[in-house]
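# Structural overview
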Amino acid sequence: MKSAPQLFAERMLLSTLSIPKILLLSKFGNKLPLSAKTKRECVILGNGPSLTQSIEEHKTLLANSDLFTVNFFCTTEEYTQLKPRFLVAAAPEFYLEKLNDFYKDFIPGFYKGLVDNTQWDLEIFMPVEAKKHSHWKKQIQGNNKIHVNYYNNTPVEGFEGLTHWAINNGLGMPRPHNVLIPTIIMALRMGYEKIHLIGADHSWLKDLWVDNNNLVMLRQKHFYDEASAKANPMYKKGQDTRKLHEVLQKFVISFEAYFTLEKFAKKKGQRIINLTPGSFIDAFERKQS
């Protein structure tokens, strides 16, 4: 265990490094679509295997809340049934042009589903870096129901006060190694009193292994492909594969980030409630129903 002076020195260094990141990488003036908020509560739908069950169990809650969805949810039948108000994308593969064959095969399906299935006003959130790339914008320009918003995903670390300040002002966040992190932040910044999570299983550890070629394989199961999901390596920005320590580090950073968001929510008088059965997230208030 690190001593108090070690922790202070570490946080001081991380804070010192985070400030120039904000100044260099973050864009000031990104506004939230506050007019799109219609309810006091919201539900964030992760794409975990439990989501189908949770949608059935929480129909009343879903009907009376604003809905945030993520990533490939827009390609599913549930998307057109629930008509969410928001969709958040985080991975750079959604907007980078230089991708390996693995991503080239399925990223176009995201935009096809988004354009073909969205027949109501939808606010989509993309990392601010996506502004620099035009090819993905061309894929959605034919649908005037899709309204694009940008957020700063600049990683901010160090003293809690600095991280909270960056979150509150939309200038950065804990490292967004999972799309749930920026999604929760959008909901917090929009002022929802209660933020409910379903489909936030995060149970990847059960489906992670190293094969005989030393490739780290992960079978990422979603509610829409639980039976058919195949194991694949994890990639860095759609290119090189990750080593086991890099994969586990991503997990550690994500789970730790949720404790930062929980503290931030409590300071703001907001609640993050995890309704996901069997979720591995241990930071938020849990409810069975």
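Scroll up to find the structure.
Definitions and limits used
- Residues numbered from 1 in each chain as written.
- Predicted model: local features only at pLDDT ≥ 70, side-chain atom pairs only at ≥ 80, totals over all residues.
- Heavy atoms only, no water.
- Helix = DSSP H or I, 4+ residues; strand = E, 2+ residues; numbered from the N terminus.
- Pairing = 2+ DSSP bridges.
- Contact = heavy atoms within 4.5 Å.
- Axes fitted to C-alpha atoms, helices over the stretch in contact; angles between N-to-C directions.
- Parallel < 35°, antiparallel > 145°, perpendicular 65-115°, else oblique.
- Left-handed = near helix turned anticlockwise from the far one by under 90°.
- Patch = residues over 30% accessible without salt bridge, like charges linked within 9 Å, V, L, I, M, F, W, Y side chains within 5 Å.
- Areas by Shrake-Rupley, 256 points an atom, 1.4 Å probe, with all protein chains shown as cover.
- Salt bridge = Lys/Arg side-chain N within 4 Å of Asp/Glu carboxyl O.
- Buried < 20%, exposed > 50% of the residue type's maximum accessible area, 1.4 Å probe, protein only.

On to unusual backbone geometry. Backbone geometry places N71, a non-glycine residue, at a positive phi of 50 degrees. Mapped onto the elements of the fold, N71 is located in the loop between β2 (66-70) and α4 (77-82). Phi at H202 takes a positive value of approximately 55 degrees, unusual for a residue other than glycine. With respect to the element layout, H202 can be found in the loop between β6 (194-198) and β7 (208-210).

Let us now look at the sheet that holds strand β9 (residues 232-233). Strand order in this open sheet of three strands is β7-β8-β9, and the pairing throughout is antiparallel. Each edge of the open sheet carries a strand with a single partner, namely β7 and β9. Contacts from helix α9 (residues 244-267) reach β7 and β8 (216-218), with the element oriented near 165 degrees to β7.

Turning to the packing of helix α1 (residues 4-25) against helix α7 (residues 160-168), a few remarks are in order. Orientation of α1 relative to α7, taken along the N-to-C sense of each, is 20 degrees, at an axis distance of 10 Å. Judged by the angle between their axes, α1 and α7 are roughly parallel. By crossing handedness, the relation of α1 to α7 is classed as left-handed. Taken together, the residues of α7 that come into contact with α1 (itself represented by S15, S18, I19 and I22) are L162, W165 and A166.

A few words on a nonpolar patch on the surface. Together, I19, L23, L24, L25 and F28 make up a nonpolar patch on the protein surface, roughly 570 Å² of accessible area in all. Turning to its location among the elements, L24 is positioned in helix α1. Look at L24 and you get exposed, because its relative accessible area is 68%.

Another point: the pairing of strand β12 (residues 271-274). Two faces belong to every sheet, and in a regular strand the side chains alternate between them. Sheet topology places β6 next to β12; four bridges connect them, and they run parallel. Its bridge partner lying in β12, L197 is registered against N274. Pairing of β12 with strand β13 (residues 285-286), which is carried by two bridges, proceeds in the parallel orientation. Looking across to β13, one finds that I273 is bridged to E285.

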